[in-house]
Amino acid sequence: MTDGVSASGANRTNGRVPPRDAADTGREPPVLALQPARPAPVRERADAARNRVRVLTAAERLFASGDARNVTMDEIAKEAGVGRATLYRRYPDIAAIATALLDEHERRLQEHILSGPPPLGPGASPAERLAAFCVAMVDLLERHLHLVLGAETGSARFGTGAYGFWRAHVRMLLTESGAPDPDGMADGVLAPFAPEVYLFQRRTLGLSQSRVTEALVWSAHRLAGG
């Protein structure tokens, strides 16, 4: 989700940021180095590779056709044309399948944050980078909400390596901006990117993507703009 904090498929639960212990030490916890993990290549039999592609392609179709939270493993196996044993041998549950599909999209965003051009990448002010991060996160949700709903809802969201990466990045920008309590503020900045929140804003409240984005950019400039 491994060095630093990241969102690799095999390590999405390993990227948590350590809890703050400032009350005991009087010191701010360190800002962790950001580094997306690259899983070691795994040799795969040709038939296993074909089944993996069939399963992920079928799952993507089913997730995109409705609420990903209602898709079942049996439906995916039937859509993919594979046996249940074949499916469960590789993916223990729906979240594991959604995670495999989501990983690549999140990894690309992480790499852009680390080494891409500003303002999302290095070289811009903390406020500009935080605003660009908000724009990128909304875009990720808009394009892949069906996958995020299948992989990162409820408390499961906080255990993913992706969340650890986003949190460390936001905390670093808040620290650079001189915010009074970056560790206490980081989760508040990330709260609007919970998939349930975005789904509520878009489908229940009827807010447009641009309206959600503009509100978050406004907040980012005020939080990190000094």
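Residues numbered from 1 in each chain as written. Predicted model: local features only at pLDDT ≥ 70, side-chain atom pairs only at ≥ 80, totals over all residues. Heavy atoms only, no water.

K.L.:
Sorry, what's going on with the UniProt feature "DNA-binding region" (unreviewed entry) in the chain here?
P.N.:
Mapped onto the present numbering, the UniProt feature "DNA-binding region" (unreviewed entry) falls at residues 72-91. Across residues 72-91, helical content stands at 75% and strand content at 0%; the span's end C-alpha atoms are separated by 12 Å. (UniProt positions renumbered as here; feature names shortened; annotations may be inferred. Helix = DSSP H or I, 4+ residues; strand = E, 2+ residues; numbered from the N terminus.)

K.L.:
Which parts of the structure should I look at to understand the environment of I97?
P.N.:
Inspection of the secondary structure assignment puts I97 in helix α5 (residues 94-115). Residues I97 and V55 lie 42 residues apart in sequence; the distance between their C-alpha atoms is 8.4 Å. With sequence-adjacent residues up to four places away left out, I97 is seen in contact with V55, L56, A59, F63, M73, I76, L87 and Y91. (Contact = heavy atoms within 4.5 Å.)

K.L.:
Quick question: what am I supposed to make of the nonpolar core here?
P.N.:
For soluble globular proteins, nonpolar side chains are generally found buried alongside one another. In this structure, F63, I76, I97 and F133 are the most contacted members of the largest nonpolar core, which totals 60 residues. Mapped onto this core, the elements with two or more residues apiece are α2 (46-65), α3 (73-80), α5, α6 (126-151), α7 (161-177), α8 (182-190), α9 (195-204) and α10 (209-224). Residue contacts for F133: discarding those within four places in its chain leaves I113, L120, W166, H169, V170, L190 and F193. (Core = buried A, V, L, I, M, F, W, Y, C linked by side-chain atoms within 4.5 Å. Buried < 20%, exposed > 50% of the residue type's maximum accessible area, 1.4 Å probe, protein only.)

K.L.:
What should I look at first to understand α9 in this one?
P.N.:
One turn of the α-helix equals 3.6 residues, which is why residues spaced by three or four share an orientation. Among the residues of α9, those classed as buried are P195, Y198, L199 and Q201. Down the axis, α9 shows its buried residues gathered within 165° of arc, on one side only. Next to the buried residues of α9 lie α6 and α10. Positive phi shows up at G206, right after α9, with a value of about 75°. (Arc of directions from axis to C-beta.)

K.L.:
Would you mind going over unusual backbone geometry with me for this structure?
P.N.:
With the exception of glycine, most residues fall at negative phi, and the peptide bonds are largely trans. The amide bond that connects P118 to the next residue, P119, takes the cis arrangement and shows omega of 10°. Its location among the elements puts P119 in the loop between α5 and α6.

K.L.:
In this structure, what is going on with α7? I would like to understand it.
P.N.:
Here α7 spans 25 Å end to end across 17 residues, near enough to the 24 Å set by a 1.5 Å rise per residue. Within α7, 15 of the 17 residues are buried, which leaves it mostly tucked inside the rest of the structure. Looking one or two residues past α7, G178 carries a phi angle of roughly 85°, positive in sign. (Expected span 1.5 Å × (residues − 1).)

K.L.:
Explanation requested: the packing of aromatic side chains in the structure shown.
P.N.:
Each aromatic ring pair is specified by the distance between its two centres and by the angle formed by the two planes. The tally for this structure, following the rule as stated, stands at four aromatic pairs. Seen in terms of ring centroids, F165 and W166 are 5.5 Å apart; in terms of plane orientation they differ by 90°. Their pairing is edge-to-face. For the pair formed by F165 and W166, the shared burial category is buried. What links up through ring pairs into an aromatic cluster is the set F133, F165, W166 and F193. (Phe/Tyr/Trp six-rings, centres within 6.5 Å; stacked < 30°, edge-to-face > 60°.)

K.L.:
Before we go on, may I ask you to explain the pattern of salt bridges in this structure?
P.N.:
Two side chains bearing opposite charge may form a pair once their charged atoms approach each other closely. Taken as a whole and assessed by the stated rule, the structure comprises ten salt bridges. R45 is the salt-bridge partner of D47, the closest N and O atoms lying 3.0 Å from each other. Ionic contacts of the salt-bridge type, sharing partners, join the residues R167, R171, D183 and D187 into one network. (Salt bridge = Lys/Arg side-chain N within 4 Å of Asp/Glu carboxyl O.)

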